[in-house]
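# Descriptive analysis of the structure
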Amino acid sequence: MNKRPTAFDMPQETDVAWCPGCGNFMLQQSVKSALHELGVERKNLVMVSGIGQAAKAPQYMNVNMFNGLHGRSLPAALGIRLSNRNLVVVVESGDGDMYGEGGNHFLHAIRRNANITVIVHNNMVYGLTKGQASPTSQRGMKTPVQVNGVKLEPFNPMAVALALNAPFIARAYAGDIEETKKIIMQAISFRGFSLVDVFQPCVVFNKVNTYQWFKENISYLQDNHDTSDRTAAFRLATEMDTLTLGVLYRNDDRECYEDLIGVGSTPLYQRNPPDEKAFQSMIDAYQ
Amino acid sequence: MHHYLHDISMVFGGEAGQGLQTVTDTLLRILKKSGYNVFSCMEYMSRIRGGCNTTEIRVTDKNRKAYLRRIDMLFALSPLAVEHLQSRISTETLIFAEKEGFTGKWTENCIDTPWTKFTDETGMPVFANTVAAGVVLGITGISLELFTGYLREQFATKGDEIISKNSTAAKLGYDFGCKIAAAEKIVLPSPTAIKSPERALMDGNAALGIGAVAAGCNFISSYPMSPGTGLLTFMASRSKVYGIVVDQAEDEIAAINSAIGASYAGARAVVTTSGGGFALMQEGVSLAGILETPVVIHIGQRPGPATGLPTRTEQGDLNLALYAGQGDFARAILSPGTLEDLTESIQNASNLADRFQIPVFVLTDQYLLDSITTIDRASIKQLPVKMSLIQTTDNYRRYALTADGLSPRGVPEYGEGLVRVDSDEHDEYGLITESSEVRRLMVEKRLKRKQPLREAALMPTIIGRIEEADTLVISWGSNRGVLEEALDKIGSNKLAGIHFSQIFPINPAVFSLLENKLLVIMENNATGQFADLLSLETGRTISHRILKSTGEPFSVEEVLEALTEIDHE
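Tallying secondary structure elements over chain B gives 19 helices and 23 strands in all. The C-alpha radius of gyration of chain B comes to 26 Å, within 12% of the 25 Å expected for a compact globule of 569 residues. In terms of overall dimensions, chain B has a C-alpha envelope of 85 × 60 × 40 Å along the principal axes. With 569 residues in all, chain B has 55% of them scored as buried. Expressed as a percentage of contacts within chain B between residues at least 6 apart in sequence, the contacts between residues at least 24 apart total 74%.

Here is the structure:
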């Protein structure tokens, strides 16, 4: 495994709660390398996550961290970003956290389009609660709860995001550290909401979507793909025979939320409360 | 003959969408300009058009701030108002209604007021409000010039024609009002002769909003819900001038999680909602508890359970605020009782949240938020803003163990340290842990602040002379005004009042105040939630509970009746 040191490695040996062979290890390497190569300053980076095995990712990086509640990483990330535009805000969480518990926030975060990067560890299963179906589980997968196999239509994050006109949509595979790093670098550099859905094999609970399965079912985008073509992106997003990886769509013209609502450049922690004159002028309106 | 020398209660009733608020706003402004003390409160239905909404305006010589059941004059812009208010109409009530189309019983107290005819004469229905305000001003005898001057100001941007038509409408109503006043020999209290520029006319929402901005609150994320929305609207309207970030969240869960994220990044964050919305925020309260991240939560209470009575009033969410969130951690709950108090409470809440790194609640209700009073400007105060952020150094520990359990709070970017917070149990660095020893220390750390928080709790306000009284009447939140007036009217030395603007925790210095007194409580809920809490905190027994949970505020009369009964026991 590629293990180049980065500025975001933990300074000390850390007990990592992931299972041996978990796709999370490789994805973490991609994330750290992407941040390192982009030269993101550590003090300006905040990693935000919810709950689950994927959501532990920031615990194992030397970064500012907001490890909030299950499904709530996006609202927290929004609050952080709107309070200080100097911060690079990267969200890392799993498919259950992002598309299940946090589904409503996912929809509205895309609508807002704040400058946040969202990396979803999509292993198509619930790991930490021991193997139940996730929103992205494939039909037919048997679990301790879905005893007759999953009956629900899987959630398609790419298609949903495209429908909401998300300005940056990419799909990656944790098993390919180098390509995933490149995609994440583009996502973090992108000004606006960027989504990277990363296929990540769960070696303990997902016996369907294994490393081998992914090898057989993924392929990278053709060079001639026009990333500004939303219709083409939608075709790729809904294509199930082969899962296409890469930046499916990007639109650099969509204004980000911070600009739209006029969040100034001074971080909120540096702003002063109104002085006496400003205070009195509020009361003037009721004179 | 109708003499209202100290106090008149005028009630305006109409359908939603009829412009009732325009009439009452106009009147309140002109009455205030003329030097009167006014108090106004409203009740309305959860609908956009139709139904019947009413607003009470009291003009008083003393500064009264309470709802009166009695109606001296009822201005029924819609005939429905008479039926709607039947239980409050007495043989003394003058009813200004239109005879044509009136379905109820036309009594000798009914004065035919042809709203429709006036409206037809002015040519446009939109001027009906001006006519109605004119009638009232004619009755009060306030000069017509003051009214037309006001209309010129209001419609300055709308052009001469609009001003001229409004003035015609004003005169139509005004002349009618003068005629009635003469015929019925109506005499009103004289203005209190306070025409100083130092008076303001303000509603509860504004008082709260001014306090939030004064506190340096620069981040609000909320989902609209009556009656909590007023604070969101206020801050949105000031956002540009005061540099406030306002986000309308997709739901209340998002709202509080955003606010906590913002607070983590150094914002002064506030959320506003009502009980039903707050029910969704509970996980966030617990999150603020373990992250030790300040957040101010405003709950504008309305009657539950569930959707309850969406536009009406109650004090039923104390237990919800008190027990919200899993696990043990510290919190404080404030409960302002007046407009001045609304402004100060939210500032205190913000400072407490910052100092103790906890969630702090401000509990208000529909009645208080929607009430409007004349107020001494100087009593609306800005308190010093205390902000305790530090610049971090390398190897910063967000949860460093300290003697008082409070760790210096850093924010990302400010300093060389990393700021790590975790909803999981964590070590001093904020990293996840399952060590039982660290767990023990962190629980202890989070709870150590409870004692200083208790000692910092606001003392209640004493109403009357507590030394002489053998009975103490307890109120919290919006009941302060009605208790003050009822005690004043009873004028018994045996009774005194004690109003709590902070209901949790209770300052230990309160205990001695309650000693050797018969304790009576009045609360706008069905069970006496504060009575239970106060008993739990102080070990004292509350002998009488005056409770009301109809969705309406207490009236002065009913408190008077209840207290008189207790006084005679």
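The subject of this paragraph is the interface of chain A and chain B. Size of an interface: often given as the accessible area lost when the parts come together. Each partner contributes to the interface: chain A provides 42 residues, whereas chain B provides 54 residues. Mapped by element, the contributors of at least two residues to the side of chain A that touches chain B are β2 (64-67), α2 (73-83), α4 (103-112) and α10 (276-284) of chain A. Grouping the constituent residues of the side of chain A that touches chain B by class yields 22 nonpolar, 15 polar and 5 charged. Inspection of the sheet shows β2 of chain A paired to strand β17 (residues 420-422) of chain B by 3 bridges, in the parallel sense. Bridge pairing in β17 of chain B links M65 of chain A to R420 of chain B.

Attention now goes to the sheet that holds strand β23 (residues 544-547) of chain B. Residue and element names in this part refer to chain B. The strand order across the open sheet built from 5 strands is β18-β20-β19-β22-β23, with neighbouring strands paired in mixed fashion. Unpaired on one side and paired on the other, β18 (461-463) and β23 mark the two borders of the sheet. The average undirected angle you get between the axes of adjacent strands in this sheet is 25°. In this sheet, strand β20 (residues 495-500) lies alongside strand β19 (residues 471-476) in parallel orientation, the contact comprising 6 bridges. In the strand pairing of β20, W476 is matched with F500.

Our next topic: the nonpolar core. In this structure, I80 and I169 of chain A together with L74 of chain B are the most contacted members of the largest nonpolar core, which totals 246 residues. Setting aside residues no more than four positions away along its own chain, I169 of chain A makes contact with M158, A161, L162, L195, A233, L248 and Y249 of chain A. Judged by nonpolar contacts, the second largest core, of 5 residues, contains M124, V125, Y126 and F205 of chain A.

With that settled, consider the sheet that holds strand β14 (residues 332-334) of chain B. All names here are of chain B. Strand order across the open sheet formed by 7 strands is β11-β10-β12-β13-β15-β14-β21, with mixed pairing between neighbours. The open sheet has two edge strands with one neighbour each: β11 (245-248) and β21 (502-504). Looking at each pair of strands side by side, their axes are set apart by 20° on average, direction ignored. In the sheet, β14 pairs with strand β15 (residues 359-365) via 3 bridges, with the strands oriented parallel. Paired with L334 across the two strands is V362, which belongs to β15.

Rules and cut-offs
Residues numbered from 1 in each chain as written. Chains lettered and ligands numbered in written order. Predicted model: local features only at pLDDT ≥ 70, side-chain atom pairs only at ≥ 80, totals over all residues. Helix = DSSP H or I, 4+ residues; strand = E, 2+ residues; numbered from the N terminus. Rg over C-alpha atoms; globule rule 2.2 N^0.38 Å. Buried ≥ 20, exposed ≤ 12 C-beta atoms within 10 Å, placed from the backbone. Contact = placed C-beta atoms within 7 Å. Nonpolar A, V, L, I, M, F, W, Y, C, P; charged D, E, K, R; others polar. Pairing = 2+ DSSP bridges. Axes fitted to C-alpha atoms, helices over the stretch in contact; angles between N-to-C directions. Core = buried A, V, L, I, M, F, W, Y, C linked by C-beta atoms within 7 Å.

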